[in-house]
Amino acid sequence: MRILYVANYQGNDLVKNRHILRNRSLGGSRKIELVSNVLKSKGHDVLILSTGMPAEGTWKFYKSYESTVSNNEDGGARVFYSSCIDSKYLKFLISFLSSFKFLLKESKVKPFDLILIYDIEEYPFFISWLYHSFVKRIPIILEYEDSIELSGRGIGLIRRTGWRIMGRWLSGRVKGIIGLNNQLTGSRYCKYDNRYTLPGIVSKTLCNLSLKRPLPFSGKGPFLAVFSGSLIKAKGVHYIINVAHKFKGRIKFVISGSGPLLNELTELAEHSGGDVDIVGCLDRMELDKLLTSADILLSPHEEENSGNILPFKLVEYLVSGGVVITTKDNRLTDDVFNYCEIMSPGDDALANSLEKVLTEREFMIERAKKGQVWAISKYSESVVSDSIHKLMLNSVNL
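Residues numbered from 1 in each chain as written. Predicted model: local features only at pLDDT ≥ 70, side-chain atom pairs only at ≥ 80, totals over all residues. Heavy atoms only, no water.

(A) Representation of the side chain of S36 in the model. By secondary structure assignment, the location of S36 is in helix α2 (residues 28-41). A relative accessible area of 0% places S36 in the buried class. Not counting residues up to four positions away in its chain, the partners in contact with S36 are Y5, V46, I48, V69 and A77. (Helix = DSSP H or I, 4+ residues; strand = E, 2+ residues; numbered from the N terminus. Buried < 20%, exposed > 50% of the residue type's maximum accessible area, 1.4 Å probe, protein only. Contact = heavy atoms within 4.5 Å.)

Okay, structure coming up:
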């Protein structure tokens, strides 16, 4: 089956060559990589269509180019990044025209059998609408990652109205849904019982490394606590740095990631009085090794139920085998949190959770082992590939 995967994917090469307003290489793009990998493992021909729109306002023209999905040792799916002008408004027009021209050319070579849309966003929607309306009416599957209704994030009236218009067009045309949580999986946009809840996918590499690792707290210390993710205020990384001095000699903190607060947090860490190392972005193999060497894995946030708590990261944390400390998001399935130590936002709450983990190590290790087994059994690549493959076949036959 030939699948058109319309998603704002950002591979390593794109992030290096274009300054992106919202860097998704640590978030959504990782899941897009893994979904495309499991589709290819089932013999599907996957083409990812992406924009990679820059955000510097230089009026520089970026030519379209083709690449492959990053971080796939078996050879990733093809990726097409559209042409673009670095201008606030023109970039959308140029990107749409570039993408649609490329799609027309690809369709003549071999038509697509199915469209997979990553979330209800402007680019995935309009490209899918153009193709579906003017080229070929083929089944649409919505990979539903976020909903304004569920996250409660305040946005402008124009964008909210546009979001609703997109949703109405999709209603009745969506033949299947892959939802981040049960609320999204049950969306009204699909009238068929062809749904799959997928909070995360775990790569074969991470699974293999995690099964070979020693139990947490096996060494004499200091123990290793790791944060991996975007360095933005909402992620609560500053909580980690603020409490580090209380655990000097007992816990070494390593922060991996990138974002607008990288320099600010690096300076804060240098004066924290604790053992904090900010290592920036790591390649996938280095990151997997770091995760599976951690005794504690951290996911603090400034707010509960904020929409910034990514379940696929928690699933990766659980598979890594360390003790997971996180704030909770009630919109996500409780199963993910059953194996985590839940904290409220704030410095004191994080410090108390860390003390509890150090004090009750035997219980924490046992729960981490159960969480690792649960996550691998539900979200390893082999398990997920069977479920998504079945959903794709059902969509074509509806």
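(B) Representation of the confidence of the model for the protein within the structure. On average, residues of the protein carry a pLDDT of 86, and 89% of them reach 70 or more. Helix α14 (residues 347-359) holds the highest mean pLDDT among the elements of the protein, 97, whereas helix α5 (residues 148-151) holds the lowest, 46. Scored below 50 in pLDDT, residues 148-154 makes 15 contacts in the model with residues more than four places away or belonging to other chains. (pLDDT = per-residue confidence, 0-100.)

(C) Molecular detail of the pattern of salt bridges. This model, assessed by the stated rule, comprises 15 salt bridges. One salt bridge in this structure joins R284 and D288, with 3.0 Å as the shortest N-O distance. Remark: D288 and R284 occur in helix α11 (residues 284-291); sequence separation between them is four residues, near one turn of the helix. R284 sits in the buried class, given a relative accessible area of 13%. Of the charged contacts, one joins E341 and R367 as a salt bridge, the two residues approaching to 2.7 Å between their closest N and O atoms. Of this pair, E341 sits in strand β16 (residues 341-342) while R367 sits in helix α15 (residues 361-379); the two residues are 26 residues apart in sequence, bridging distant segments of the chain. (Salt bridge = Lys/Arg side-chain N within 4 Å of Asp/Glu carboxyl O.)

(D) The sheet that holds strand β11 (residues 223-228), seen in detail. In space, the six strands of this open sheet follow the order β13-β12-β11-β14-β15-β16, with parallel pairing throughout. Strands with a single pairing partner mark the edges of an open sheet, and in this sheet they are β13 (276-280) and β16. The pairing of β11 with strand β12 (residues 251-256) spans six bridges and is classified as parallel. Paired with F227 across the bridge in β12 is I255. Each of β11, β14 (296-299) and β15 (323-326) touches helix α12 (residues 311-320); the most contacted strand, β14, lies at about 170 degrees to it. Strands in contact with α14 are β11, β12, β14, β15 and β16; relative to β15, the strand with the most contacts, it is inclined by about 160 degrees. (Pairing = 2+ DSSP bridges. Axes fitted to C-alpha atoms, helices over the stretch in contact; angles between N-to-C directions.)

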